[in-house]
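This is what each chain is made of:
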Amino acid sequence: YMGYHVLSLDWRGQGLSVRALPDLDKGYVRDFQHYLNDLELFYNLYIVPLKQPVTIIAHSMGGHITLRFLGQYYNHKNIKKAILISPMLDIVTSPVTGAFASRIAGWGARRLADLAVMAGLGAAYIPGGTDYCKEAVEFKDNLLTHDMDNFWLEHREIENNRSLALGGVTWWWLKAAFDSIDMLKKEKFLSQVKIPVSICSAAQDRVVCNETQKRTCQHLPDGHFVSIPGARHEILFETDDIRILLWHYISTLLQN
């Protein structure tokens, strides 16, 4: 694309990468540092040998891991910029809007995750989590995209290869996510990210928190925030008009 070499990886526990539990559908990790270790290995094995300037483009949890990576491994001088799309810098845990309601719901979810792990339930689904089942999936009221065809694209791929399927997340994953989110809220940590970081926020996102994305940009030494109007969480799977707007912005960043 635009003369770039494009490399990507499936995170452990997702896609065709290794799954840690006997129930392969469970979203599970005990510490987000494990993702960081995988990314560091991938970077050193496959990207460093190319000896080319690097731009990282990452979505959702990938955006979270990227920001952690840039803060912890800031010695990678050939990384020139990062573009984070709907990055998971905090999780929406309340159906009610408003800062106070969000803080209360977030505090409660964190305590529940800690208690569940302490009680030995770390490998169990959080409430509402189940194994993947296409029959239970509905386009109506989904939080991901307005585009019906793109919504079903993932599920059509799973029909061809059931190994791609992922169900809900476990208590261990949720606790690990909250612990890592807390790290990214520290101004000292964010100050270590020296390269330009652009956050493309989905204006209608109800999966991750847009306000946290804005706040994070304010504390980054070279942070840039743009909100994509009308977009739900999966901007890359949105309607054509929304994706055209997103890719116009990304192309401008890549050319500068």
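Scroll up for the structure.
Source: prediction; values computed, not measured.

1. Overview of the packing of helix α1 (residues 33-47) against helix α2 (residues 61-72)
Contact geometry of α1 with α2 gives a least axis separation of 10 Å together with a crossing angle of 75 degrees. Viewed along their axes, α1 and α2 adopt a mutual orientation that is roughly perpendicular. Residues Gln33, Tyr35, Leu36, Leu39, Glu40 and Tyr43 of α1 lie in contact with α2, whose contacting residues are Met61, Ile65, Arg68, Phe69 and Gln72. For the contact of α1 with α2, a count of residues per class yields seven nonpolar, two polar and two charged.

2. Some thoughts on the pattern of salt bridges
Inspection of the entire model under this criterion finds 12 salt bridges. Residue Lys175 pairs with Asp114 through a salt bridge whose shortest N-O separation is 3.4 Å. Placement of Lys175 in helix α5 (residues 171-184) and of Asp114 in helix α3 (residues 99-118) is noted, with a sequence separation of 61 residues between them. Among the ionic contacts, a cluster of salt bridges with common partners joins Asp90, Arg110, Asp182 and Lys185.

3. Re the sheet that holds strand β1 (residues 54-59)
The four strands are arranged β1-β2-β3-β4 in an open sheet whose pairing can be described as parallel. Each edge of the open sheet is held by one strand with a lone partner, namely β1 and β4 (223-228). The mean angle between the axes of side-by-side strands here comes to 15 degrees, regardless of whether they run parallel or antiparallel. Contacts from helix α8 (residues 240-255) reach β1, β2 (79-85), β3 (197-202) and β4 within the one sheet, and its direction differs from that of β2 by about 165 degrees.

4. Quick look at the pairing of β1
Where burial is concerned, the two faces of β1 differ: the one with Val54, Ile56 and Ala58 is buried and the one with Thr55, Ile57 and His59 is not. Alignment of β1 against β2, held across six bridges, turns out to be parallel. Within β2, the residue paired with His59 across the bridge is Ile85.

5. Some remarks on the packing of α2 against α5
Orientation of α2 relative to α5, taken along the N-to-C sense of each, is 50 degrees, at an axis distance of 11 Å. The angle between α2 and α5 places the two elements in the oblique class. Our pair here, α2 against α5, has a crossing hand that is left-handed. Listed contacts from α5 to Met61, His64, Leu67, Arg68 and Gln72 of α2 are Trp173, Ala177, Ser180, Ile181, Met183 and Leu184. For the contact of α2 with α5, a count of residues per class yields seven nonpolar, three polar and one charged.

6. A few points about α5
An α-helical segment advances 3.6 residues per turn. Residues three or four places apart therefore align on the same side. Under the 1.5 Å per step criterion, the end-to-end length of α5 is 20 Å for 14 residues, consistent within 8% with the ideal 20 Å. Of all 14 residues that make up α5, 11 are buried, and the element is covered over most of its length. Among the residues of α5, Trp171, Trp172, Trp173, Leu174, Lys175, Ala176, Ala177, Phe178, Ser180, Ile181 and Leu184 are the ones counted as buried.

7. A short note on the side chain of Thr216
Along the chain, Thr216 falls in helix α7 (residues 210-219). Given a relative accessible area of 6%, Thr216 falls into the buried group. Thr216 has contacts with Leu67, Leu89 and Leu190, leaving out every residue within four places of it along the chain.

Procedures and definitions
- Residues numbered from 1 in each chain as written.
- Predicted model: local features only at pLDDT ≥ 70, side-chain atom pairs only at ≥ 80, totals over all residues.
- Heavy atoms only, no water.
- Axes fitted to C-alpha atoms, helices over the stretch in contact; angles between N-to-C directions.
- Helix = DSSP H or I, 4+ residues; strand = E, 2+ residues; numbered from the N terminus.
- Parallel < 35°, antiparallel > 145°, perpendicular 65-115°, else oblique.
- Contact = heavy atoms within 4.5 Å.
- Nonpolar A, V, L, I, M, F, W, Y, C, P; charged D, E, K, R; others polar.
- Salt bridge = Lys/Arg side-chain N within 4 Å of Asp/Glu carboxyl O.
- Pairing = 2+ DSSP bridges.
- Buried < 20%, exposed > 50% of the residue type's maximum accessible area, 1.4 Å probe, protein only.
- Left-handed = near helix turned anticlockwise from the far one by under 90°.
- Expected span 1.5 Å × (residues − 1).

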